[in-house]
Each structure stands twice: as C-alpha cells, then as structure tokens.
Amino acid sequence: MTNSMTLTFICLAVALSTSCNKSSTQPSSQQPSAPAAKHYQLKGKLVSIDKQSKMVNVDSEAIPGYMDAMTMPYVVKPESELDKLKPGEPITADLIVQDESAWLENIVIANPPATEKK
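Residues numbered from 1 in each chain as written. Predicted model: local features only at pLDDT ≥ 70, side-chain atom pairs only at ≥ 80, totals over all residues. Heavy atoms only, no water.

Let us now look at the packing of aromatic side chains. The description of an aromatic ring pair rests on the distance of the ring centres and on the angle between the ring planes. Counted under the stated rule, the structure contains one aromatic pair. Taking the ring centre of Trp103 as reference, the NZ or CZ of Lys77 above it sits at 3.9 Å. (Phe/Tyr/Trp six-rings, centres within 6.5 Å; stacked < 30°, edge-to-face > 60°. Lys NZ or Arg CZ within 6 Å of the ring centre and 35° of its normal.)

Laid out in structure tokens, this is it:
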C-alpha cells in the first residue's frame, strides 16, 4: 500500500467512525418525551370502594372518544378523596390517562335526580 492510499484509508475510517458516533448519541433534550396526559369527563355510579388498594369500581356512562359504558376499577388520586365516597352514589370525575395508567381526580358526588312527589 502506498502512503497516499494509507492516508486515504485512515481518513475514511475516521470519517465513518465520527459520523456513526454522532448518530448514536443524542443530547437528552432531543430524546422523545412522555406523551401528555389525556383528560376525559367520567359520569357514573360508585359500585364499591377499596381504600386499601386506593381504588373504586365505577359503573360509568360511555366516554366519547375513549370507551363504551362499562364497570371497571380506577385508582383515585389523591387517596384522601376515598373518605368522602360511599357505594351507590352518582359521581362525576376527571379521568386522566397517561401511557398505560389511568386514574380519577376531582371526584364530585352528583346530585341524584329529584323524584316528584304526588
């Protein structure tokens, strides 16, 4: 191998290794961030409360753009919200969904429809 060929080979090897290293290391500011949480309005009836697990089972109405009506468990945040709830109560709440987690916040006991007296 001649000196010019050796020098060309070395320059090519350095150029390739430098370009490979640049593509594999990204500054942390360019890495993908966690997707933003989505917020939905939930309306339903409390079926049961499990304070130990910090969860409630809710028979909810359909949530447009998210899911059909169904009964399912939800984590409650903050857990102090559990103290004001009783099974059978109608509620509204904010359903927060992020990644594969979901929880209820801002739970409000809804007023049941007034029954007419005859």
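Below, the discussion takes up the pairing of strand β3 (residues 70-76). Here strand β2 (residues 55-60) runs beside β3; their pairing, made up of six bridges, is antiparallel. Bridge pairing in β3 places Asn57 opposite Pro73. Where β3 meets strand β5 (residues 101-109), two bridges bridge the pair, whose relative direction is parallel. Across the sheet, residue Val75 finds its bridge partner in β5, namely Trp103. (Pairing = 2+ DSSP bridges. Helix = DSSP H or I, 4+ residues; strand = E, 2+ residues; numbered from the N terminus.)

What follows is about the pairing of β2. Side chains Val56, Val58 and Ser60 project from β2 onto a buried face, and the interleaved Met55, Asn57 and Asp59 project onto a face without burial. For strand β1 (residues 38-50) and β2, the ladder comprises six bridges, and the chain directions are antiparallel. Counterpart to Leu46 in the pairing with β2 is Val58. In textbook terms, the turn of a hairpin is the stretch between consecutive antiparallel strands, and for β1 and β2 this stretch comprises four residues, one of which, Lys54, has a positive phi near 60°. (Buried < 20%, exposed > 50% of the residue type's maximum accessible area, 1.4 Å probe, protein only.)

Mean pLDDT over the protein chain works out to 79, with 65% of the residues at or above the 70 mark. For the protein chain, the element scoring lowest by mean pLDDT is helix α1 (residues 3-24), at 47; β2 scores highest, at 97. Across residues 4-9, confidence stays below pLDDT 50; counting only partners more than four residues off in sequence or on other chains, it has one contact. Taken as a whole, residues 11-25 scores under 50 in pLDDT and shows zero contacts with residues more than four places along the chain or in a different chain. (pLDDT = per-residue confidence, 0-100. Contact = heavy atoms within 4.5 Å.)

Moving on to the sheet that holds β1. The strand order around the closed barrel formed by five strands is β1-β2-β3-β5-β4, and the pairing between neighbours is mixed. For this sheet, the mean angle separating the axes of adjacent strands, direction not counted, is 55°. (Axes fitted to C-alpha atoms, helices over the stretch in contact; angles between N-to-C directions.)

Throughout the structure, instances matching the rule amount to three salt bridges. Between Glu79 and Lys54 there is a salt bridge; the shortest N-O distance is 3.7 Å. Here Glu79, found in the loop between β3 and β4 (90-98), pairs with Lys54, found in the loop between β1 and β2; they are 25 residues apart in sequence, far enough to count as distant. (Salt bridge = Lys/Arg side-chain N within 4 Å of Asp/Glu carboxyl O.)

This part is about unusual backbone geometry. Residue Pro78 is bonded to the preceding Lys77 through a cis peptide linkage, with omega at -10°. By the secondary structure assignment, Pro78 is in the loop between β3 and β4. Unusually for a residue other than glycine, Asp99 sits at a positive phi of about 55°. Mapped onto the secondary structure, Asp99 falls in the loop between β4 and β5. Asp99 gets classed as exposed once you look at its relative accessible area, which sits at 53%. The phi dihedral of Asn106 is positive, around 50°, even though this residue is not glycine. Here Asn106 shows up in strand β5.

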